[in-house]
Amino acid sequence: MPDTTWVAAVARLRARREPGVLVTVAAVRGHAPRDAGAKLVVGPAGTWGSIGGGNVEAVAIDRAREMIATAAPEPELIDFALNDKVANRHGVQCCGGTVSVLLEPLPVVRAVAVFGVGHVGLELARVLARQDLDLHLIDSRSDVLAEERLGVLADAVARVRVHHTPLLPEEVLAELPRGTHVLIMTHDHAEDAALCDAALRTPGLGSIGLIGSAAKWARFRKRLATEGGHDEAAIDRIKTPIGLPGITGKEPATIAVSVAADLLRAFGTEGA
């Protein structure tokens, strides 16, 4: 779609949860097909925009696709000489100038689902909303999801999606993007237990965290094994308690900072 702007193309890749590369003409000296600032977006199966065609664009697309296939690509700057004395992979361009092209990876953003938007859940949402991620907020109570209460998230960097689930909040698990990190902290222990069971039955989720005491987890662990039929390895996927162990305050904002910091630390060790 040649008329699609690069901004829309980046947004489309994000919505599809597909990786990509933003290619920008960073500098031009002499004559070149496009001026500095021209952009091209490369996805796994398509491209949007143009940096002038020819060898420069072809090489940039090839390298972008290699970067997409790499686990943790870094930005790259590639220089091109546009003259008939330089033999390039995709032919010769004789404009006479030189071009520097910047390739910036566009990774798939992480997704986090917070089940329970009570005092701690809302404070956690406020912290996570400052991160570039997809943030899902789920609760069975309509009042805690009221627009005026969630107005504190109006300036969010994250893309926030709100799910009101009056009956079975665990049904949202099947709708979440693959790799979503799940945090369970509802107002109801029975709801927490049902979510733990359902999360272990949902393929493709990221980490699963449960808020609560050691006594609560002991009861849950027994039920997950006896009534749920989960083996020890599966049950061990659930992390509890959540948060950094060195932060012991019980105020909602303190707990939220601890949980968010622990999650962000886990992000840093994922290699994705």
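Placed above this text is the structure.
All figures in this text were calculated on a predicted structure; none of them were measured in a lab.

K.L.:
Teacher, can you tell me more about the overall build of the protein chain here?
P.N.:
Summing up its helical and strand segments, the protein chain has seven helices and 11 strands in all. Its C-alpha radius of gyration of 24 Å places the protein chain more than 25% over the 19 Å reference for a compact globule of 272 residues. Its C-alpha atoms put the protein chain at 75 × 40 × 35 Å along the principal axes. Within the protein chain, buried positions represent 42% of all 272 residues.

K.L.:
Got a minute to help me understand the nonpolar core in this structure?
P.N.:
Generally speaking, soluble globular proteins have nonpolar side chains that are buried together. Ranked by size, the top nonpolar core spans 25 residues in total, and within it Val112, Val114, Leu124, Leu128, Leu135 and Leu183 carry the most contacts. For this core, the secondary-structure elements that each account for two or more residues are β6 (111–115), α3 (119–128), β7 (134–139) and α7 (252–268). Filtering out sequence-adjacent residues up to four positions away, Val114 remains in contact with Gly121, Leu124, Leu128, Leu135, His136, Leu137, Ile138, Leu183 and Met185.

K.L.:
Got a minute to help me understand the packing of α3 against α7 in this structure?
P.N.:
Between two packed helices, the angle of one axis relative to the other and the distance separating the axes together describe the packing. Remark: α3 packs on α7, axes separated minimally by 8 Å, with the N-to-C direction vectors making an angle of 50°. Between α3 and α7, the angle falls in the class oblique. As for the relative orientation of α3 and α7, their crossing is right-handed in sense. Taking contact as the criterion, the partners of His119, Val120, Glu123, Leu124, Val127 and Leu128 in α3 are, on α7, Pro252, Ala253, Ile255, Ala256, Val257, Val259, Ala260 and Leu263. In terms of residue class, the contact of α3 with α7 is built from 12 nonpolar, one polar and one charged.

K.L.:
What is the right way to read the sheet that holds strand β8 (residues 159–164) from this model?
P.N.:
Sheets are built from strands that pair by backbone hydrogen bonding, the pairs being arranged parallel or antiparallel. Read from one edge of the open sheet, six strands run β8-β7-β6-β9-β10-β11, paired in parallel fashion. Each end of this open sheet is capped by a strand with a single partner; those strands are β8 and β11 (238–239). Pairing analysis gives two bridges linking strand β10 (residues 208–210) to β11, with the strands arranged parallel. When the sheet's bridge partners are listed, Ile208 is paired in β11 with Ile238.

K.L.:
Honestly, the side chain of Thr165 in this entry has me stumped. Any pointers?
P.N.:
As for its placement among the helices and strands, Thr165 is situated in the loop between β8 and β9 (181–184). Classification of Thr165 as buried rests on a relative accessible area of 12%.

K.L.:
Would you mind going over the packing of aromatic side chains with me for this structure?
P.N.:
Each pair of aromatic rings is reported with the distance of its centres and the angle of its planes. For the structure on display, the rule yields zero aromatic pairs. Positioned over the ring face of Trp6 is Lys39, at 5.0 Å from the centre of the ring.

Conventions used here
Residues numbered from 1 in each chain as written. Predicted model: local features only at pLDDT ≥ 70, side-chain atom pairs only at ≥ 80, totals over all residues. Heavy atoms only, no water. Helix = DSSP H or I, 4+ residues; strand = E, 2+ residues; numbered from the N terminus. Rg over C-alpha atoms; globule rule 2.2 N^0.38 Å. Buried < 20%, exposed > 50% of the residue type's maximum accessible area, 1.4 Å probe, protein only. Core = buried A, V, L, I, M, F, W, Y, C linked by side-chain atoms within 4.5 Å. Contact = heavy atoms within 4.5 Å. Axes fitted to C-alpha atoms, helices over the stretch in contact; angles between N-to-C directions. Parallel < 35°, antiparallel > 145°, perpendicular 65-115°, else oblique. Left-handed = near helix turned anticlockwise from the far one by under 90°. Nonpolar A, V, L, I, M, F, W, Y, C, P; charged D, E, K, R; others polar. Pairing = 2+ DSSP bridges. Phe/Tyr/Trp six-rings, centres within 6.5 Å; stacked < 30°, edge-to-face > 60°. Lys NZ or Arg CZ within 6 Å of the ring centre and 35° of its normal.

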